[in-house]
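Single-letter residue listing:
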Amino acid sequence: MRKIYVSLFLLLLTSVMMSAQKVDQRLTRLVEKAAQRRAQGLAPLDPKAVNKTIAVSFNADGSIAAFSGIAMLKNGAECPTARLEQMGVKVRYQIGDMVALSIPADKLQLLEEVEEISYVNADGSTRVGQAIIIKNNNGEYTSFSSTYILELTTDNYETSHGSHTAATAGGTGLSNGKQGVAPEVELFLCGLGSYTSTSNIAGCIQEIFKYADQVEKPAVVSISMGNINNIHDGSDAVAYAVGKLTENGTKSGRAVVISSSNAAANWQSIVKSGSVKTVLGFASTVTDKDPATYNGLYSFYASDYQDFTIELKVVDITTGTVSDQGSHVLNLKTGKVISDALLEKYDKIATSIEGKTAVVYYLDFQVTAVKLDDPKYRLAIVVTPHDGQTLKLISNGDNNAEPCLDAPTAGGYDFAANGWTKGTGEITINSQICNDGVISVGSYITRTGWKTWQDDSKTYPNSSLTGKMQQIGEISDFSGWGTDDNGKTYPTVIAPGQGLISAANICDATIFKVDEENKMIVPNPESGETKNFLIGNVELHNRPNWYTLEQGTSMSTPHAAGIVALWMQAKPTLTVNEIKDILKATCVNDTWTTNTDNIPSGNKIQAGYGKIDALAGLKKILNITGIETIGVGGHREATPATMYRVDAPVYNLQGQRVDKDQKGLVIYKGRIYLNK
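What comes next is a walk through the structure. (Residues numbered from 1 in each chain as written. Predicted model: local features only at pLDDT ≥ 70, side-chain atom pairs only at ≥ 80, totals over all residues. Heavy atoms only, no water.)

**A closer look at the overall build of the chain**
Thinking step 1. Counting its regular elements, the chain contains ten helices and 39 strands.
Thinking step 2. Considering the chain as a whole, with its 676 residues, one finds that 53% of them fall into the buried category. (Helix = DSSP H or I, 4+ residues; strand = E, 2+ residues; numbered from the N terminus. Buried < 20%, exposed > 50% of the residue type's maximum accessible area, 1.4 Å probe, protein only.)

**Considering the environment of Val564**
Thinking step 1. Turning to its location among the elements, Val564 is positioned in helix 8 (residues 553-570).
Thinking step 2. When neighbours within four sequence positions are excluded, Val564 is seen to be in contact with Val220, Ala255 and Ile579. (Contact = heavy atoms within 4.5 Å.)

**Regarding the sheet that holds strand 21 (residues 370-372)**
Thinking step 1. Pairing in this open sheet of three strands is antiparallel, and the strands run 14-21-18 from one edge to the other. Among the strands making up the open sheet, the edge pair consists of strand 14 (293-294) and strand 18 (329-331).
Thinking step 2. Where strand 18 meets strand 21, three bridges bridge the pair, whose relative direction is antiparallel. The partner of Leu330 across the bridge, within strand 21, is Lys371. (Pairing = 2+ DSSP bridges.)

**Points about the packing of aromatic side chains**
The relative placement of two aromatic rings is captured by the distance of their centres and the angle of their planes.
Thinking step 1. The full count for this structure, using the stated rule, is twelve aromatic pairs.
Thinking step 2. Their ring planes at 90° and their centres at 5.1 Å tell us that Phe415 and Trp420 sit as a pair that is edge-to-face.
Thinking step 3. According to the relative accessible area criterion, Trp420 is buried, its value standing at 6%.
Thinking step 4. A connected cluster of aromatic rings, assembled from ring pairs, spans Tyr294, Tyr298 and Phe365.
Thinking step 5. The residue whose ring lies beneath Lys422 is Trp267, and the NZ or CZ to ring-centre distance is 4.5 Å. (Phe/Tyr/Trp six-rings, centres within 6.5 Å; stacked < 30°, edge-to-face > 60°. Lys NZ or Arg CZ within 6 Å of the ring centre and 35° of its normal.)

**Concerning the sheet that holds strand 16 (residues 309-316)**
Thinking step 1. Judged by pairing direction, the sheet is antiparallel, and its five strands sit side by side in the order 17-16-22-13-24 without closing on themselves. In this open sheet, the two edge strands, each paired with only one partner strand, are strand 17 (322-323) and strand 24 (405-406).
Thinking step 2. Alignment of strand 13 (residues 276-280) against strand 22 (residues 377-384), held across four bridges, turns out to be antiparallel. Note on strand 22: the bridge partner recorded for Val276 is Val383.

**Quick notes on the side chain of Glu474**
Thinking step 1. Structurally, Glu474 can be placed in the loop between strand 27 (457-459) and strand 28 (482-483).
Thinking step 2. Look at Glu474: it is buried, it has no salt bridge, and the nearest opposite charge is Lys468 at 7.6 Å.
Thinking step 3. Look past the residues within four positions of Glu474 in its chain and what remains in contact with it is Tyr444, Ile445, Met469, Asp597 and Asn598. (Lys, Arg positive; Asp, Glu negative; His and termini not counted. Salt bridge = Lys/Arg side-chain N within 4 Å of Asp/Glu carboxyl O.)

**So, the side chain of Gln325**
Thinking step 1. Following the sequence through the fold, Gln325 ends up in the loop between strand 17 and strand 18.
Thinking step 2. Here Gln325 falls in the buried class, since its relative accessible area comes to 19%.
Thinking step 3. Setting aside anything within four residues of it in sequence, one finds Gln325 in contact with Leu312, Val314 and Leu342.

**Some points on helix 4 (residues 161-170)**
Thinking step 1. For helix 4, a buried count of eight out of ten residues is recorded, marking the element as mostly surrounded by other parts of the structure.
Thinking step 2. Along helix 4, the residues classified as buried are His161, Gly162, His164, Thr165, Ala166, Thr168, Ala169 and Gly170.

**Some points on the pattern of salt bridges**
Thinking step 1. Enumeration over the complete set of coordinates arrives at 14 salt bridges.
Thinking step 2. Among the salt bridges present, the one from Asp213 reaches Arg254, with a minimum N-O distance of 2.7 Å. Residue Asp213 is located in helix 5 (residues 198-215), and its partner Arg254 is located in strand 11 (residues 254-259); the two are separated by 41 residues in the primary sequence.
Thinking step 3. The class of Asp213 is partly exposed, set by a relative accessible area of 44%.
Thinking step 4. Here Arg378 and Glu402 are joined by a salt bridge, their closest N and O atoms 3.1 Å apart. Of this pair, Arg378 sits in strand 22 while Glu402 sits in the loop between strand 23 (390-395) and strand 24, and the two are 24 residues apart along the sequence. Across the pair, exposure class does not vary: Arg378 and Glu402 are buried alike.

**Focus: the environment of Tyr211**
Thinking step 1. Residue placement: Tyr211 occurs in helix 5.
Thinking step 2. Separated by 82 residues in sequence, Tyr211 and Gly129 place their C-alpha atoms 8.8 Å apart.
Thinking step 3. At 2.3 Å, the side chain of Tyr211 forms a polar contact with the side chain of Glu186. (Polar contact = N/O pair within 3.5 Å; in protein donor to acceptor, adjacent residues only side chain to side chain.)

**Re the packing of helix 4 against helix 8**
Thinking step 1. Where helix 4 contacts helix 8, the two axes come as close as 7 Å, and the packing angle between them is 30°. Classified by the angle between their axes, helix 4 and helix 8 sit roughly parallel to one another. Helix 4 and helix 8 meet at a crossing whose hand is right-handed. Residue-level contacts link His161, His164, Thr165, Thr168 and Ala169 of helix 4 to Ser554, Met555, Pro558, His559 and Gly562 of helix 8.
Thinking step 2. In the contact of helix 4 with helix 8, the residues fall into three nonpolar, seven polar and no charged. (Axes fitted to C-alpha atoms, helices over the stretch in contact; angles between N-to-C directions. Parallel < 35°, antiparallel > 145°, perpendicular 65-115°, else oblique. Left-handed = near helix turned anticlockwise from the far one by under 90°. Nonpolar A, V, L, I, M, F, W, Y, C, P; charged D, E, K, R; others polar.)

Written out as structure tokens, the structure reads:
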């Protein structure tokens, strides 16, 4: 689960926004449509309906008089105000490279020839209703309303995590037909950057719901991040906030969807009664000359939240000999011996247990990374509980080179045969999901192979859990699952999360670089991310817009959130509890009720209610079975085929007449269709 750059986004039901090469083709199509209706003697376009998405002035006969448009100038270009005015296009004002225009319908195509203009957007209701950029860990932020959203660029030199997840949930796909799950939603973006504290996340959720209250619309928050290194009792600040803001899943039209974690495949947890001895896996590759390094976080606590005894040791993996840290543990940067104790004890408030605290030990190598002085050594933990305690040991080392908690044999000594414990995925859940108000999402596989932008064929490696080739339809081996401290199981549901292709951030420094000679951003051929996961691009607004392939519950979460948004289009009053009932009744369970062939962990808990089924959920919500679909196969196909040829009206579920290109649920001749 990549956590460097994260977006939270509000999913609301609005009209679709489109884009084009230079002059927004929605404007051209509106002119053509208005003229066609006049020529055919049909009723004119409804000005009120049109102006929900595009600012348009109409003549008395129903023809279009003028558009309000936003032109963006090319870098360094001066606005050709005098020339535009001579064309009959009025320049209203200019802010930076953004120029507001009033464009007569018959002058629209003249803008294609204006060299200084990069592109012209339709003015109206942007799909980004609000954006917040967090500035620090104190929660201060800069807010951009829809009026000023074009002044905001969310590109930064970090990663593509936020771009990828937002496009999965709500991308229009108008450039190539590869749209997100809910392409008509209104987005509320919360850019956290490096400031991913729980207080900032909870604050973003609150701001999103405030906005939803103002615009009187249902809201779904998608959170593709988390932390497994906490107690799992609901006291996590995000879990607590979600519970309050959704009224523990009972509040109408409010839902929060959060990723379960990517921690199930690297032996990252141990739940055991009695004493535990385990070897800590190293973060980087060890050779004969390179000793083990550690830069992750470990946490340890007991089921009764009381104290116990814990020791940090050094173990020789060739002999099993255990010794004190002594001079074996070195600061990774300086190479000097670590003299102070690495293991610290904290008392953490456990809000679900009134009047008590939880004793949690944290072993933190994130602040001070360390290495050992010989390749044969590893760090080890020896834990002794008091009577009746069940110990819970957790590591966040998703990408460690060795199993995080291990009883290895590779060094020559058989640790397992001598009482040491190897980790499992038994409690690899994000502590933020431990509340009834959360819909938690795991991942299953929808793609095992792909072609890169250079037409190279790539495939996923064999599962680290089963050793077998990963198959489409299986649960992802990394997909987090488990039982919390209150006995509740997670995730709620699983969704497509392995092999997801979505938008890349053009300024993603892990994929792209700056071509100084040509003053442009290009793929970095030296990057492994570029070689293996960059897929291809679409040319829009005079620049390439790239796609990348990713995997993780970060990817499955916006997929599920988009589906929930579609369900809220059908029934805006849905609560989280009602959504969970729908999931329980409609999810696809394969054969998991009788066996665990498609579950790498072998535990049915990892599947939750099963694979989310968007159409089955819609049918359940509407209490009908007759939803037909209008698919996309290179071009829009209608069912029945006469839908786009016959001038019969199309309505949304609220009974308002809409355009036949309206996506989502529509009513045509008294029947309900899912227009994809």
